[in-house]
Amino acid sequence: MGALTKGHYFAASGFVLLVYCAVLVFSRGPPAADPGLDSAPSVQNTLPHFIQEPEDAYIVKSNPIKLRCRAAPALQIFFKCNGEWVHQNEHFSHEYKDLNTGLKVREVMINVSRQQVEDFHGPEDYWCLCVAWSHLGTAKSRKASVRIAYLRKNFEEDPQGKEVPINGMIVLHCRPPEGVPVAEVEWMKNDELVHPDENIDLRADHKLIISEARLSDSGNYTCLASNIVAKRRSATAVVIVFVNGGWSLWTEWSACNVPCGRGIQKRSRMCTNPAPLNGGAFCEGMSVQKITCNAVCPIDGGWDEWSEWTVCSVQCDRQRGRECNSPAPRHRGRLCEGPGQASENCTNGLCTQSMDSSNDVALYSGLGAGIIAVAILVVAVMLYRKNHSEYGVDVIDSSALSGGFQSFNFKTTRQGNPLLLNSSIQPDLTVGRTYSTPLCFQDGADKELFDPLPDIKVKVQSSFMVSLGVAERAEYHNKPPSETFPRDLARDYSGTADRRKKGLMTLNGPVGLTKEQQRITGVFGHNGGRLVVPNTGVSLLVPHRAVPEDNTWEMYMAITPPEASLQTLEGCEVLLGPEVTYGPPGLDLLSPVALTVAHCAEMDSAEHWNIQLKRRTQDSKWEEVMSVDEECTSCYCLMDSASCHLLLDAPGSYALVGEPLSQAAVKRLKLAVFGALEGPLSYGLRVYCVDDTPHAFQGVVWAERSRGGQLLEEPQTLPFRASSFSLQVSIQDVPQFLWSIKPFTTCQEFSFSQVWCSNQSPLHCAFSLERFSPATAQLSCKISVRQVKGHEQILQVYTAVAECEKESLPFFTQSDCTVTTQSGPRAFRIPPSIHQRICATFDTANAKGNDWQLLARKLHLDRNLGYFAKQRSPSAVILSLWEARHQDNADLDSLASALEEIGKLHSSKTNNKGHREEESDFNHIETGSLCRIAELDAHETEEQAEYTG
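Residues numbered from 1 in each chain as written. Predicted model: local features only at pLDDT ≥ 70, side-chain atom pairs only at ≥ 80, totals over all residues. Heavy atoms only, no water.

K.L.:
Please clarify how the environment of E90 should be interpreted in this entry.
P.N.:
Along the polypeptide, E90 turns up in the loop between β5 (84–85) and β6 (92–97). Using a relative accessible area of 43% as the deciding quantity, one classes E90 as partly exposed. Spatially, the C-alpha atoms of E90 and V112 are 10.0 Å apart, while their sequence positions differ by 22 residues. (Helix = DSSP H or I, 4+ residues; strand = E, 2+ residues; numbered from the N terminus. Buried < 20%, exposed > 50% of the residue type's maximum accessible area, 1.4 Å probe, protein only.)

What follows is the structure, encoded as structure tokens:
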């Protein structure tokens, strides 16, 4: 039914109803009196009022919604939607009487579908209201809007991750997706709901504000939007609350590191107040401070003059005394030595002075007893040698050399042929202790087999007996054969000289090398020169023009023996290279010399080292010159992977000393295996573990040349960590049907302290093998060298046993260098004329542009520029350092490329100014001159070396 039809229908119905009521009233008369009318108002006098009005509704998906109205008193209730009456058939109504008021209540309900809302296209939302009728009139309800509910997927603004310092403010923004009804927003942290508190504020504009960030506020934050349709999660914002490191308080200053004189005091602090967390910045500044200190020197006591003699007493003697007051001992100085009282006999005028006569009696008594004991011991030794001369065997205890490492070296005395090592080194007979050889036992059963070995008696004479000439060597004696010896070990040692000993093992500590201090001398003038100690990685460069004109200096450079360098090191310090001395002491040069020294520190772990340059003082103590990590204006240190280049002004003894800061510090070891025949069927292998420096390996070469050893495998490098774990050396893959080795002797071990402080002399261990047949001409095996819980290196041995068939490897990668001194232009890679032009260009003409700094950067020498700035010619010192760094590879092309790049850079800057200046001083270094540098190095003739144009 249309709108017009519905209106007429309702109007007609109302009219008919009114006529009917009027007829009824006039025909029946007024209503009878009701007793209840006095207490309640007449319903006929009340307009309809709504008990329930329609409410706004949202259509979710395709589900229709219901709109309800309740009014009293009401004869009819109809819905009107979007200005049109809803058909009566679409209404669901019922009425009931309110028991409290006695009024009739009518309730009406309609359904609104999604299709109806979508089909409506009006200026406003789809709406509906109710109209109620009574006999007095009509009443309208409020409008209720009906909308289709939805929620978009994409947030208009997602929260963004932040990194904030602790106690900082965190503000996270979120704008939810568009939706009907408007979405409500909640914040989630690590999938848990965030509740506001005094520190967390959830704003109406959906912001999350944390006033003071705490470490617990770090996490994954998500914005959650929801309405009656769906829930949406935003992208996750990662919030990190970091803590910047703060310094702790300084510790107390340490004691002066020298007992007397000028030294160093240190104090430290740690970045733990607080410690950096979650990527916070580390503390800025120094963790260690050093100051100079003057330690008070101890003053030893001195005697006063003797007092006058006293008058002779009744005992016919007299005394005199003296006091220890000239000076009195102070600051822990030593007391005066000698007696403070003296007495003499004054009988008959004959005086015999006596000082502590009781002490003299004890001294002479002890001396006499000692002489008698020595005589008895000498007689016993001579008788013992006479009875056991046929089976005498020397035992060398090298524990004194290796810091307690237990090792033995056996050799026969009847024929003089070595069983294991034909050592030319004299044994140290000053040790009065015996040790058992350390072995790598796999289980307790192996160790039990070797328990009888301590029954072997080792007798070592004292150094006092050796000095008297009554003892020449230590002696070895064995007990009668025991059933507990494995494989009749006793019979191996007690057999005749013709019987071959099988599988003997020698584990040696440091090899005592008696070599003199290496010293190189040369005379240098204005043109400078170079000193080189062959095959040691040590050289000294005297720059051009360092010596004044018309002057000459006889200079020298020497390498101190390692055992002398180690005596005054402190704590965990170790030498990373040889101690080098250059002089003479009164040397006065115009520019610093460049000293190059090889080192064994692994630079990949440089942050775990405290590497210092130290100089030996006149009292043979070390003083710190500089730390390689700090900048210094008195000297310069450049650390390469295997060499250290020093620029020094003062002559003296210098050494590179390292102190490990953690167990991650690494130093390199050089591993080498040598072999030599020890008898018709015996063959010995010696494995060396030394610092990876040419000088340390040269000590091995000297030892093996004296023994006739052959280098069997190219030396290998092993990283050795400061982790306090030992080093194990084992022999593997020995052909069992061709060679034999004594059981349980295939693994030998060095303690950590022996290897870490191995600068003193080369560590080595030996394996002795015996072939079953003289026809066996080849030996192949593997030598495994590994640090426990560390790195491992394998040395592959494959060699001819017969001396005539051997092809020995060279000891050094290049032939032994015989050129130790070079003077004049031949000593330098850069020709003097080019050197002079470079210095003139970068020092003078372009001083405003700090061009010598640009030169340093292009040559990768831009560290510690303050040192170069103090020099008379910074460019000359930079080139001297470049010469020292490239003395082996002579990479002149890189220098030419760097200079050419600087020239191009200067030209581009000039063109950018928009005007052409005068001819640049860089034009003095032409491209042809740069190429000429490489050509001069390629031709070694004297004429080209002295090129000056």
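Structure's up, so let's keep going.
K.L.:
What exactly am I supposed to notice about empty space enclosed by the protein here?
P.N.:
With a probe scaled to a water molecule rolled over the atoms, the places where space remains empty come into view. Counted according to the given criterion, the structure contains five cavities of 30 Å³ or more. When its volume is computed, the second largest cavity comes out at roughly 90 Å³. Around the second largest cavity sit L541, P543, H544, F828, I830, P831, P832, H835, S880 and E883, which together line it. Taken together, the elements giving at least two residues each to the lining of the second largest cavity come down to α10 (832–845) and α13 (874–885). By residue class, the composition of the lining of the second largest cavity is six nonpolar, three polar and one charged. (1 Å grid on protein atoms, 1.4 Å probe; cavity = no way out; pocket = protein on both sides within 12 Å on 5 of 7 lines; lining within 4 Å. Points joined across faces, edges and corners; volume = space filled by probe spheres on them. Nonpolar A, V, L, I, M, F, W, Y, C, P; charged D, E, K, R; others polar.)

K.L.:
For this particular structure, what's the right way to read the pattern of salt bridges?
P.N.:
It is possible for side chains of opposite charge to pair when their charged atoms get near one another. On inspection of all chains with the given rule, the structure shows 23 salt bridges. Of the charged contacts in the structure, one is a salt bridge between R68 and E107, with a shortest N-O distance of 3.9 Å. Taken together, the positions of R68 in strand β3 (residues 65–72) and E107 in strand β7 (residues 104–112) put the pair 39 residues apart, joining distant regions of the chain. For R147, the salt bridge goes to D125, with nearest N and O atoms at 3.5 Å. Remark: D125 occurs in the loop between α2 (114–119) and β8 (126–134) and R147 occurs in strand β10 (residues 144–148); sequence separation between them is 22 residues. Given a relative accessible area of 31%, R147 falls into the partly exposed group. For D125, a relative accessible area of 40% gives the class partly exposed. When salt bridges with common partners are traced through the structure, they connect R668, K670 and D692 into a single cluster. (Salt bridge = Lys/Arg side-chain N within 4 Å of Asp/Glu carboxyl O.)

K.L.:
Any chance you could explain the packing of aromatic side chains here in plain terms?
P.N.:
Given two aromatic rings, their pairing is described by the distance between the two centres and the angle made by the two planes. Enumeration according to the criterion identifies 13 aromatic pairs in this entry. A cation over an aromatic ring shows up here: R320 above the ring of W306, its NZ or CZ 4.5 Å from the ring centre. For R519, the ring lying beneath its charged end belongs to Y556, and the centroid distance is 4.0 Å. (Phe/Tyr/Trp six-rings, centres within 6.5 Å; stacked < 30°, edge-to-face > 60°. Lys NZ or Arg CZ within 6 Å of the ring centre and 35° of its normal.)

K.L.:
For this particular structure, what's the right way to read the sheet that holds strand β1 (residues 49–52)?
P.N.:
Across a sheet, strands are paired by hydrogen bonds formed along the backbone, either parallel or antiparallel in direction. Taken in spatial order, the four strands of this open sheet run β1-β3-β7-β6, and their pairing is antiparallel. In this open sheet, the two strands that pair with only one neighbour each are β1 and β6. Between one strand axis and the next, the sheet turns by 25 degrees as a mean value, whatever way the strands run. Bridge count for β6 against β7 is six bridges, and the pairing is antiparallel. In the sheet register, E95 faces β7, and the bridge partner there is R106. (Pairing = 2+ DSSP bridges. Axes fitted to C-alpha atoms, helices over the stretch in contact; angles between N-to-C directions.)

K.L.:
Would you mind going over the state of the cysteines with me for this structure?
P.N.:
Working definition of a disulfide: a covalent bond connecting the sulfur atoms of two cysteines. Under the counting rule described, the total for this entry stands at six disulfides. Note on cysteine connectivity: C324 is disulfide-linked to C336, with sulfurs 1.9 Å apart. Residues C324 and C336 share a disulfide whose torsion about the S-S bond is about 80 degrees; that sign makes it right-handed. Of this pair, C324 sits in the loop between β24 (317–321) and β25 (341–345) while C336 sits in the loop between β24 and β25, and the two are 12 residues apart along the sequence. (Disulfide = S-S within 2.5 Å.)

K.L.:
How should the environment of V533 be read in this particular structure?
P.N.:
Within the element layout of this structure, V533 appears in strand β33 (residues 529–533). Along the backbone, V533 and T821 are 288 residues apart, and their C-alpha atoms lie at a distance of 8.9 Å. For V533, the residues in contact, after removing those within four places along its chain, are Q518, I520, V538, M557 and I559. (Contact = heavy atoms within 4.5 Å.)

K.L.:
Looking at this model, I keep getting lost on the sheet that holds strand β13 (residues 170–172). Mind explaining?
P.N.:
If you trace the three strands from one edge of the open sheet to the other, you get β13-β18-β17, paired in antiparallel fashion. Edge positions in the sheet fall to β13 and β17 (200–202), since each has one partner strand and no second. Taking the axes of each pair of neighbouring strands and ignoring which way they run, one obtains an average angle of 10 degrees across the sheet. Here β17 pairs with strand β18 (residues 208–210) via three bridges, running antiparallel. Note that in β18 the partner of I200 across the bridge is I210.

K.L.:
Before we go on, may I ask you to explain the packing of helix α11 (residues 851–858) against α13 in this structure?
P.N.:
To characterise two packed helices, one gives the angle between the axes of the helices and the distance between these axes. Interhelical geometry of α11 versus α13 gives an angle of 10 degrees and a closest axis separation of 9 Å. On the basis of their axis angle, the class for α11 and α13 is roughly parallel. On α13, the residues that touch W852, L855 and A856 of α11 are P874, S875 and I878. Of the residues assigned to the contact of α11 with α13, the class counts are five nonpolar, one polar and no charged. (Parallel < 35°, antiparallel > 145°, perpendicular 65-115°, else oblique.)

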